[in-house]
Amino acid sequence: MDSTAAKPGDGRSAPKLAASRVGEKLRRHSTIFRDPALEALAALRAHKLRSALTLLGVTLSVSVLILVVSIITGANLYIEHRVANLGSNVFLVLRFPIITNQQDFLKAMRRNRYVTYEDFEALHDGMKLPRAVGLESRTNGRVRLGTEALDDINIRGVTANIADMDVEEVATGRYITDADNESRADVAFIGQQVAGKLLPTVDPIGKMIYVDGSGFMVVGVAKPLGTVFGQSQDNFVYIPIRTFLKRYGEHGQGRDLSINIQARGPEWMQQTKDEARTMMRGRRHLDPGADDNFGILASDTIMSLWKNLTGAVAATMVGVVSVFLVIGGVVIMNVMLASVTERTREIGVRKSLGARRQDILMQFLVESAVMAAVGGAIGIAIAYLLSTLVRVLTPVPSQVPIGAVILSLAVSTVVGLFFGLYPAHRASKLDPIEALRVEA
């Protein structure tokens, strides 16, 4: 009869006995993992140079992987907020879509027609879904005041409602108005860099500047936007679109009209794009099966192209990291084989005292996994440091995703387990009698 069975009056109940047995099993299993892990850490501390060389491959692979992921994540955020940000729920209708090869570009050059002011009026008056429909056109020009001149300034003709769509905000004065457009007024809304260089010591509002030889009165100054990839975003002059067309013409070298359409919200974007596409195709009498001869550009299109590029970079880096991991795994396997040889007598003693094959196997597998995990942890620390340096020294908001940290640590541990299988299997198969004959 089981002596541990609960007896009437012995003060112990069946649930308490079950809990006690579960606790005993947990303590036994925790010892199986804890002791080899502590032994592996002690071996790493005792042989620092050997440990550093052993873990070098795993450390390099993890640090490179996390650093690349953090830079790509930061670059995606940077592009999303600073480059692909066309405005709040805004997309553009323009002559060309995003084109990634020369053949398609040459074909589009022959086929795609210019976007006209009449296209803008048709969409402005005919579309039902958008919150607003605006128009803009850009060119580069020269801005002067007295003896001070600025070259390669972004000259942009805009409708008044572009103010509600774009990322620029008014610091002082006002934006371009509908009245400015209707009267083709010679007024300008300028960026901080233009104001700072031409009118550094006076209030710019009401002052006259000269844009490509024509005088314009400053009516507003924008808040600073900063730089994108080192290029200033504050070197611009905005003028009424109809004044722009009067001065520069509707089309010209490197210049085109762009219809800016603002949807009512993110959930309306696709429907609004479909309505704009339908109206443009109808105006151009395109057959149902014919390709568009115009482009529709939205932030998600730019981000999709960018992520395709960064995805290719990431795939390349995965290949490099895989090589490092294999090298690191092979080194760990060799070190573990040497450890089996050094500890042959110890293994024999353990087996003679009742240790099972799975106990020896588990011991060496845990040691191998712990070594690889330590290498992964060091790689994570290095990647955090390098990511911080990138964030401090560059405009890219590099950040380490917690998912990449967990994945890297898991992968390094699995590598340790995989490459520790052969040494562990070899140790577990040692004959205890033969092992005890080995000189200590």
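Each remark here, short or long, concerns the structure printed above.
What counts, and where the lines are drawn
Residues numbered from 1 in each chain as written. Predicted model: local features only at pLDDT ≥ 70, side-chain atom pairs only at ≥ 80, totals over all residues. Heavy atoms only, no water. Salt bridge = Lys/Arg side-chain N within 4 Å of Asp/Glu carboxyl O. Helix = DSSP H or I, 4+ residues; strand = E, 2+ residues; numbered from the N terminus. Buried < 20%, exposed > 50% of the residue type's maximum accessible area, 1.4 Å probe, protein only. Core = buried A, V, L, I, M, F, W, Y, C linked by side-chain atoms within 4.5 Å. Contact = heavy atoms within 4.5 Å. Polar contact = N/O pair within 3.5 Å; in protein donor to acceptor, adjacent residues only side chain to side chain. Patch = residues over 30% accessible without salt bridge, like charges linked within 9 Å, V, L, I, M, F, W, Y side chains within 5 Å. Areas by Shrake-Rupley, 256 points an atom, 1.4 Å probe, with all protein chains shown as cover. Phe/Tyr/Trp six-rings, centres within 6.5 Å; stacked < 30°, edge-to-face > 60°. Lys NZ or Arg CZ within 6 Å of the ring centre and 35° of its normal. Axes fitted to C-alpha atoms, helices over the stretch in contact; angles between N-to-C directions. Parallel < 35°, antiparallel > 145°, perpendicular 65-115°, else oblique. Left-handed = near helix turned anticlockwise from the far one by under 90°. Nonpolar A, V, L, I, M, F, W, Y, C, P; charged D, E, K, R; others polar.

Before going further, it helps to spend a moment on the pattern of salt bridges. Enumeration according to the criterion identifies 14 salt bridges in this entry. Residue K223 is joined to E169 by a salt bridge in which the shortest nitrogen-to-oxygen separation is 3.3 Å. Residue K223 is located in the loop between strand 7 (214–222) and strand 8 (227–228), and its partner E169 is located in the loop between helix 5 (162–165) and strand 4 (170–173); the two are separated by 54 residues in the primary sequence. On the basis of relative accessible area, E169 is assigned to the partly exposed category, the value being 45%. Here R277 ties to D274 by a salt bridge, and the two come within 4.0 Å at their closest N and O atoms. Of this pair, R277 and D274 both sit in helix 9 (residues 269–283), three residues apart, roughly one helical turn.

Core analysis: the largest hydrophobic core is formed by 41 residues, its most contacted members being V93, I209 and V237. Looking at this core, the element that brings in the most residues is helix 8 (residues 241–248), giving four residues. For I209, the contacting residues outside a window of four places in its chain are V143, R144, I190, L198, L199, S214, G215, F216, V218 and V237. One finds V58, M336, V340 and M371 within the second-largest nonpolar core, a separate group that totals 21 residues.

With that settled, the discussion passes to the side chain of R156. Tracing the backbone through its elements, the reader meets R156 in strand 3 (residues 148–158). A polar contact of 2.9 Å, which involves the side chain of R156, links it to the side chain of E136. In terms of polar contacts, R156 uses its side chain to reach the side chain of Y238, at 2.6 Å.

Residues I378, I382, L385, L386, L389, V392 and L393 make up a contiguous nonpolar surface patch of roughly 650 Å² in combined accessible area. Owing to a relative accessible area of 53%, L385 belongs among the exposed residues under this scheme.

Taken as a whole and judged by the stated rule, the model has nine aromatic pairs. Where F96 meets F105, the ring centres are 5.6 Å apart and the plane angle is 45°; that geometry is what we call tilted. With a relative accessible area of 36%, F105 lands in the partly exposed category. Of the aromatic side chains, those joined through ring pairs into one cluster are Y175, F189, F236 and Y238. In this structure, R144 is placed above the aromatic ring of Y210, and the distance from its NZ or CZ to the ring centre is 5.0 Å.

In contact at an axis separation of 11 Å, helix 4 (residues 117–126) and helix 9 are set at 130° when each is read in the N-to-C sense. Relative to helix 9, helix 4 is oriented oblique. Crossing geometry of helix 4 relative to helix 9 is assigned as right-handed. In contact with E118, D119, A122, L123 and G126 of helix 4, helix 9 contributes E275, A276, M279, M280 and R283. Partitioning the contact of helix 4 with helix 9 into residue classes produces five nonpolar, one polar and four charged.

What is shown is where atoms sit, not what they do.
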